[in-house]
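Take a look at the letters that make up each chain.
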Amino acid sequence: IYGLSSLSTGGITLLLLPFYSRIFSPSEYGTIEMLTIITNFFNAILVMGMDSAQSMYFYKFKKEGISKQSELVSSIFQWRIILGIFSILITAIISNQLNNIFFGGELGLIYFALALANSFFIQIMTHSAEIMRLTYKPLEYLKINLSNSLLAAILIFIFVVVLKKSVIGYFMGLSFASLIISIISWGKLRFFINFKKLYWDLWPSIFKFSLPL
C-alpha cells in the first residue's frame, strides 16, 4: 500500500505532463523547474534527516506512552516551523541575488515566496503522513499523498487555466493544496501535537541522530 502511494502520486504527475506542456511555454516550464530545484535544495535543509530520527525515537519512546511520543512529534514539528520561517526570511533577503543568478532578474519576490511556501507546507504535510505510517495506518498514508496530488492538479487548473495566473498560479495551486491537506491530516492527529511548551530539550538527541544523515 505504501508503494501504491508513491506509484499513484508519481503517475498523476506523469499523466499531467502533456497538460502542462500545452498550457506553459518552454520558458515558463523552465522557470517552474528551476524554482523546483531551488526549493528541493531547501527541502533537504528542512528535513535534516529528522524523518529517520523520528522513526527511531518514535518506537524507542513507545514503552513510555503516547504522551512521550507526542513530545517527540511536537518537538520536530516546532523545529520545522522555526527553521521553515527562518529559511523563508533568509531567501526573501537574498531573493534578488537568486533572481539575478538564475533568472536574469526577471522574477519578482512573489515567485520565490510561493515556491518556498509550498516547500514548507509539503514538509508539514509529509510529517503527518509519516505519523500515519508509524502508527500502522497505510490507507490514511495513501489518502494524504493521493489527495494532495489530486487537489493540487485541480487547483493548478483553476489558477492557471481559469484565472490565467501562469507560473504563479502553478505554485499557488501546489501551496494551497499542501496547506489544506496539512490542516486536515493534522486534525486527525491532533492528539500527537502538544504545544504547551517548546521541546528544545529533545533537539540535541534528535540532531545527533539526524544530522549525519
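Residues numbered from 1 in each chain as written. Predicted model: local features only at pLDDT ≥ 70, side-chain atom pairs only at ≥ 80, totals over all residues. Heavy atoms only, no water.

Colleague: Kindly report on the overall build of the protein, identifying the contributing residues and their values.
Modeller: Helices and strands together make up the secondary structure of the protein, namely 8 helices and 0 strands. Seen in sequence order, the protein has helices and strands lined up from the N terminus as α-α-α-α-α-α-α-α. Relative to a compact globule of 213 residues, whose C-alpha radius of gyration would be 17 Å, the protein shows 18 Å and is just as compact. Each of the three principal axes of the protein carries a C-alpha extent, and together these read 55 × 35 × 30 Å. Taking all 213 residues of the protein together, 45% fall into the buried category. When contacts within the protein are restricted to residue pairs at least 6 apart in sequence, those whose partners lie at least 24 apart make up 79%. Averaging the positions of the 16 positive and the 9 negative side-chain charges in the protein gives two centres separated by 8 Å. (Helix = DSSP H or I, 4+ residues; strand = E, 2+ residues; numbered from the N terminus. Rg over C-alpha atoms; globule rule 2.2 N^0.38 Å. Buried < 20%, exposed > 50% of the residue type's maximum accessible area, 1.4 Å probe, protein only. Contact = heavy atoms within 4.5 Å. Lys, Arg positive; Asp, Glu negative; His and termini not counted. Charge placed at Lys NZ, Arg CZ, Asp CG, Glu CD.)

Colleague: I'd like to hear about the environment of Gly169, residue by residue, with values.
Modeller: Here Gly169 is to be found in helix H7 (residues 166-188). Considered as a pair, Gly169 and Phe157 are 12 residues apart in the sequence and their alpha carbons are 8.5 Å apart.

Colleague: So, the packing of aromatic side chains: which residues are in play, and what are the values?
Modeller: Enumeration according to the criterion identifies 20 aromatic pairs in this entry. Aromatic pair Phe58 and Phe192: ring centres 5.8 Å apart, planes at 45 degrees, arrangement tilted. Highlighted residues: Phe58 in helix H3 (residues 50-60) and Phe192 in the loop between H7 and helix H8 (203-210), separated in sequence by 134 residues. The burial state of Phe58 is the same as that of Phe192; both residues are buried. (Phe/Tyr/Trp six-rings, centres within 6.5 Å; stacked < 30°, edge-to-face > 60°.)

Colleague: Can you tell me about the nonpolar core, naming the residues and giving the values?
Modeller: Ranked by size, the top nonpolar core spans 31 residues in total, and within it Leu72, Trp79, Ile131, Trp186 and Ile206 carry the most contacts. Of all elements in the fold, only H3, helix H4 (66-103), helix H5 (109-134), helix H6 (138-162), H7 and H8 reach the threshold of two or more residues within this core. Tallying contributions element by element places H5 first for this core, with 7 residues. Non-local contacts of Leu72, meaning those with residues more than four positions away in its chain, are made with Gln54, Tyr57, Phe58, Phe61, Leu202 and Ile206. Core analysis: the second largest hydrophobic core is formed by 27 residues, Ile12, Leu16, Leu116 and Ile156 among them. (Core = buried A, V, L, I, M, F, W, Y, C linked by side-chain atoms within 4.5 Å.)

Colleague: So, the pattern of salt bridges: which residues are in play, and what are the values?
Modeller: Under the criterion given, the structure shown has 4 salt bridges. With a closest N to O distance of 3.7 Å, Lys68 and Glu71 form a salt bridge. With Lys68 and Glu71 both in helix H4 and 3 residues apart, the pair spans about one turn of that helix. Among the salt bridges present, the one from Glu140 reaches Lys188, with a minimum N-O distance of 3.2 Å. (Salt bridge = Lys/Arg side-chain N within 4 Å of Asp/Glu carboxyl O.)

Colleague: Pulling in residues and values, what's your account of a nonpolar patch on the surface?
Modeller: On the surface, a nonpolar cluster with roughly 440 Å² of combined accessible area is contributed by Ile154, Phe157, Ile158, Val162 and Leu163. Tracing the backbone shows Ile158 in helix H6. You can call Ile158 partly exposed: its relative accessible area is 35%. (Patch = residues over 30% accessible without salt bridge, like charges linked within 9 Å, V, L, I, M, F, W, Y side chains within 5 Å. Areas by Shrake-Rupley, 256 points an atom, 1.4 Å probe, with all protein chains shown as cover.)

Colleague: Residue-level account of unusual backbone geometry, with values.
Modeller: In terms of backbone geometry, most residues other than glycine have negative phi values and most peptide bonds are trans. If you check the backbone angles, Tyr136 has positive phi at about 60 degrees while not being a glycine. Here Tyr136 lies in the loop between H5 and H6. By relative accessible area, which is 56% here, Tyr136 ends up exposed. The residue Ser166 is not glycine, and still its phi comes out positive at about 55 degrees. Within the secondary structure, Ser166 sits in helix H7.

Colleague: Which residues make up the packing of H5 against H7, and what values do they have?
Modeller: Remark: H5 packs on H7, axes separated minimally by 8 Å, with the N-to-C direction vectors making an angle of 25 degrees. Put simply, H5 runs roughly parallel to H7. Handedness of the crossing formed by H5 with H7: left-handed. (Axes fitted to C-alpha atoms, helices over the stretch in contact; angles between N-to-C directions. Parallel < 35°, antiparallel > 145°, perpendicular 65-115°, else oblique. Left-handed = near helix turned anticlockwise from the far one by under 90°.)

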